[in-house]
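Below are the chains, spelled out letter by letter.
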Amino acid sequence: MSPRRASALVLAVLLLVLGDAGRAGATGYRYWSFWDRVGGSWTYATQGPSTARPSDGDVQGFRFSVSADSQDSAKPRGTASFAVICARTPARAGRKRVALVLDFGTRAHAPRGETPPAPRTACARIPDDATTADALAAVARPLRYDTNALLCAIAGYPRTGCGEQVTTPKEPTATSDEPTTTSDKGSPGPGPSVGLFAGVAAVALLGAAAIWQTRRRRG
């Protein structure tokens, strides 16, 4: 193998290794997303909880996760229906019942030092003209909002932070909840992985061996 060919091979493999490392994480925002249950599926809500006015019998959900936008936002887990969630909450005149699914997310997307509570459901019985925010306040206090009325915490989770930008791996599947590394705003971002260093070292050794072999033949 000629030195020129060896160098080309080294460059090609190095670009492949660096490309894989660049795709290891993605930038998004850590926040509570808001959903409506339509039929048997979740639909991203078109209003915020402070303006949405659900009807009696509606099912709404909240999911805490990291995502870039509504297109890749994680949906609430669970399939409980209104009949199941509100089975023990009888109807009353002048009030409505709203079933809420509260999914606190996975450890992979939790703020540093916090552990998400288990997902749960609740049935809020509120006045007929009440909003989803009122329903949350009835069953999931304490709530926390920022100065722009962005919902930051449900039932006290998370303790700090609100819509901060983070770099994180992709959302784990529903069957996997193993902790992975995330980078909080204001803390050091993820450095090069061990695999990256190993790949670069292997590429360097490959190139050195090829060049040494070529010089040996010439000698």
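Keep in mind that what you see is a predicted model, and the values were worked out from it rather than measured.

Considering the overall build of the protein
Okay, step 1: When its secondary structure is counted, the protein shows four helices and eight strands.
Okay, step 2: Along the protein, helices (α) and strands (β) appear in the sequence α-β-β-β-α-β-β-α-β-β-β-α when read from the amino end.
Okay, step 3: Buried residues in the protein amount to 35% of all 219 residues.
Okay, step 4: Considering only contacts within the protein whose residues lie at least 6 apart along the sequence, 67% involve residues at least 24 apart.
Okay, step 5: Total accessible area on the protein is roughly 12,600 Å²; 56% of this is exposed by carbon and sulfur atoms.

Digging into the pattern of salt bridges
Okay, step 1: In this structure the tally under the stated criterion is five salt bridges.
Okay, step 2: The partner of Arg63 in a salt bridge is Asp103, with the nearest N and O atoms 3.5 Å apart. With Arg63 in strand β3 (residues 59–67) and Asp103 in strand β4 (residues 95–103), this pair connects stretches of sequence that are 40 residues apart. An identical accessibility class is assigned to Arg63 and Asp103; each is buried.
Okay, step 3: Linking Glu114 and Arg159 is a salt bridge whose minimum nitrogen-to-oxygen distance equals 3.9 Å. Placement of the pair is Glu114 in the loop between β4 and β5 (120–127) and Arg159 in the loop between β7 (151–153) and β8 (165–168), with a sequence separation of 45 residues.
Okay, step 4: Classification of Glu114 by relative accessible area gives buried; the value is 9%.
Okay, step 5: It is possible to trace a salt-bridge network through shared partners that takes in Arg63, Arg77 and Asp103.

Examining the confidence of the model for the protein
Okay, step 1: Summarising the model, the protein shows a mean pLDDT of 78, and 64% of its residues fall at 70 or more.
Okay, step 2: For the stretch residues 6–24, pLDDT sits under 50, and the model shows 17 contacts to residues farther than four places along the chain or on other chains.
Okay, step 3: Here residues 172–206 is modelled with pLDDT under 50, and outside its nearest four sequence neighbours on either side it reaches 42 contacts, counting other chains as well.

Side note on the state of the cysteines
Here, disulfide denotes a covalent bond that connects the sulfur atoms of two cysteines.
Okay, step 1: One pass over the structure, following the stated rule, counts two disulfides.
Okay, step 2: The residue that forms a disulfide with Cys86 is Cys123, at a sulfur-sulfur distance of 2.0 Å. Measuring handedness by torsion sign, the sulfur bridge of Cys86 and Cys123 sits at about 105° and is right-handed. Remark: Cys123 occurs in strand β5 and Cys86 occurs in the loop between α2 (82–85) and β4; sequence separation between them is 37 residues. Cys123 carries the same exposure label as Cys86, and that label is buried.
Okay, step 3: Each sulfur of the disulfide joining Cys152 and Cys162 lies 2.0 Å from the other. In this structure the cystine formed by Cys152 and Cys162 twists about its S-S bond by roughly -75°; its chirality is therefore left-handed. Taken together, the residues span a long stretch of sequence, with Cys152 in strand β7 and Cys162 in the loop between β7 and β8 at a distance of ten residues.
Okay, step 4: Listing the disulfide partners of the protein by sequence rank of the bonded cysteines yields 1-2, 3-4.

Structural notes on unusual backbone geometry
Okay, step 1: For the peptide bond that leads from Arg141 to Pro142, omega is 0°, which places it in the cis range.
Okay, step 2: Among the structural elements, Pro142 can be located in the loop between α3 (132–139) and β6 (144–145).
Okay, step 3: Note the cis peptide between Tyr157 and Pro158, where omega equals -5°.
Okay, step 4: In this fold, Pro158 is placed in the loop between β7 and β8.

Parameters at a glance
- Residues numbered from 1 in each chain as written.
- Predicted model: local features only at pLDDT ≥ 70, side-chain atom pairs only at ≥ 80, totals over all residues.
- Heavy atoms only, no water.
- Helix = DSSP H or I, 4+ residues; strand = E, 2+ residues; numbered from the N terminus.
- Buried < 20%, exposed > 50% of the residue type's maximum accessible area, 1.4 Å probe, protein only.
- Contact = heavy atoms within 4.5 Å.
- Areas by Shrake-Rupley, 256 points an atom, 1.4 Å probe, with all protein chains shown as cover.
- Salt bridge = Lys/Arg side-chain N within 4 Å of Asp/Glu carboxyl O.
- pLDDT = per-residue confidence, 0-100.
- Disulfide = S-S within 2.5 Å.

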